[in-house]
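Observations on the three-dimensional arrangement
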Amino acid sequence: VSNWLEGWTALDDLGYVADPSAAGSNVVNVTDASINAGDQVVWTNDNIYVLNGVVFVEDGATLTIEPGTVVQGMLGDGNSASALVVARGGKIFAEGTPSQPIIFTSELDDGTLTYQDRGLWGGVILLGYASTNNPTEGGLKQVEGVNEIAGEGDDRATYGGDDDHDSSGIIRYVSIRHTGINVGDQAGNEIQGLTLGGVGDGTVIEYVESFASADDGFEWFGGTVNAKYLVSAFNEDDSYDWDEGFRGKGQFWFAIQATDVAGRTAEMDGATGNEFFTPYAMPKLSNLTYVGPGVGAVAEGDGAEMLRFRDNTGGFVYNSIFTEYDAASGGNGIHVEDIDNTGDKTEDSRQRLEAGDLVIANNLWWDFGAGNDI
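Residues numbered from 1 in each chain as written. Predicted model: local features only at pLDDT ≥ 70, side-chain atom pairs only at ≥ 80, totals over all residues. Heavy atoms only, no water.

1. Side note on the pairing of strand E16 (residues 218-221)
- Neither face of E16 is exposed, since Phe218 and Trp220 on one face and Glu219 and Phe221 on the opposite face are all buried.
- The pairing of strand E14 (residues 194-197) with E16 spans 4 bridges and is classified as parallel. In the strand pairing of E16, Thr195 is matched with Glu219.
- Pairing geometry for E16 and strand E18 (residues 240-243), over 4 bridges, is parallel. Its bridge partner lying in E18, Trp220 is registered against Trp242. (Buried < 20%, exposed > 50% of the residue type's maximum accessible area, 1.4 Å probe, protein only. Helix = DSSP H or I, 4+ residues; strand = E, 2+ residues; numbered from the N terminus. Pairing = 2+ DSSP bridges.)

2. Things to note about the sheet that holds strand E7 (residues 83-86)
- Pairing is parallel in the open sheet, where 9 strands are placed in the order E4-E7-E10-E14-E16-E18-E20-E23-E26. Two strands lie at the open edges of the sheet, namely strand E4 (54-57) and strand E26 (332-336), each paired on one side alone. The mean inter-strand angle of the sheet, taken between neighbouring strand axes irrespective of direction, is 10 degrees. (Axes fitted to C-alpha atoms, helices over the stretch in contact; angles between N-to-C directions.)

3. Regarding empty space enclosed by the protein
- Applying the stated rule across the entire model yields 1 cavity of 30 Å³ or more.
- Quantified by volume, the largest cavity comes out at close to 50 Å³.
- In terms of lining residues, the largest cavity is bounded by Tyr240, Trp242, Trp253, Ala266, Met268, Leu285, Leu288, Tyr290, Leu307, Val317 and Phe322.
- For the lining of the largest cavity, the secondary-structure elements that each account for two or more residues are E18 and strand E20 (266-269).
- Along the lines of polarity and charge, the residues of the lining of the largest cavity split into 11 nonpolar, no polar and no charged. (1 Å grid on protein atoms, 1.4 Å probe; cavity = no way out; pocket = protein on both sides within 12 Å on 5 of 7 lines; lining within 4 Å. Points joined across faces, edges and corners; volume = space filled by probe spheres on them. Nonpolar A, V, L, I, M, F, W, Y, C, P; charged D, E, K, R; others polar.)

4. A short note on the layout of surface pockets
- Within this model, the largest pocket holds a volume of roughly 450 Å³.
- Every residue lining the largest pocket is counted, 27 residues in all, and those nearest its centre are Glu144, Glu190, Gln192, Glu219 and Phe221.
- Of all the secondary-structure elements, those providing two or more residues to the lining of the largest pocket are strand E11 (141-142), E16, E18 and E20.
- Of the residues in the lining of the largest pocket, the class split is 5 nonpolar, 7 polar and 15 charged.

5. Quick look at the pattern of salt bridges
- Counting across every chain of the model gives 17 salt bridges.
- In this structure, Arg172 engages Glu206 in a salt bridge whose closest nitrogen and oxygen atoms are separated by 3.1 Å. Here Glu206 lies in strand E15 (residues 204-211) and Arg172 lies in strand E13 (residues 169-177), a separation of 34 residues in the sequence.
- Linked through salt bridges whose partners overlap, the residues forming this network are Arg264, Glu267, Asp269, Glu305, Arg308 and Arg310. (Salt bridge = Lys/Arg side-chain N within 4 Å of Asp/Glu carboxyl O.)

6. As for unusual backbone geometry
- Cis peptide bonds are those with omega within 30 degrees of zero, and the linkage from Thr278 to Pro279 qualifies with 5 degrees.
- Relative to the helices and strands, Pro279 resides in the loop between E20 and strand E21 (284-286).
- Residue Asn319 is not a glycine yet carries a positive backbone phi of 50 degrees.
- With respect to the helices and strands, Asn319 occurs in the loop between strand E24 (315-318) and strand E25 (321-325).

As structure tokens, this is what we get:
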């Protein structure tokens, strides 16, 4: 893992821009007033776009971002945090190329930041009309922190619905860096590198990197969106996280964790509150490669196991590699939650396993701090 850490700054070899500030010649200040309902907005690669606060792509609006464009989040936390939110009914078309990826990063990113420079701005959020298992009216919920900035009665932070084929647009060949600052009034309202709330499978997500987040790399809150070729690198909490009935497909996901701080490589939850709500989270994943911080590492964080299935989640994981995991509190490869199923919490992931709704097959496992025996 130390070799990965030393080599990860050499991103030029992969076609990435070493100094994002050199990508454009003109700085454009973007506020929430910059993209309104029905607008068709294009960001071009001869500019650097600086997000001044939370910027919403509103219902009916479309944001198109050219290959090679750099978008930066302005400094500020809490109610002054910066982020890009594609609200329900809005669309983003961020289509980079292998040699000209689109980069979302901090305004401090001059090419010298490292994987330890986490939590410098908010992140990217997509919200859609796909279903979740939230028990609230219509399965709807709002993104914590973002709803506080939007304000009471403003539904731009809302996600969920009944259209599992909803489209929020295309995100392809995109690097999202140094995210995870606290958003809104309450502490603990960090958002991920890429947050997906109720996003439908009409959305395209391919070749996306989340690098050096102070929270998770990627998190799904319900929805059905599929994703291929993801990289979650050196993020402070979980590399991948799903909740609230996520049922998409994933292939070729890569995770690598830092030795200083890390959560689980995957924290997989099914429902919030009382855990019997359906549809159960049941994504189908294959060709994953998850590399932990190293058997001898004791990274700060909450990860006692590499993979954790809980809160009634199911899922299918095939043909993947899991290795090099340790933590101060465990170093297990996998944990499937088994509760006593009394009171309001009548479901758990052990029941999904026994029902055939949780299948983990044809995978390679080795180098765990707790040992390699079942």
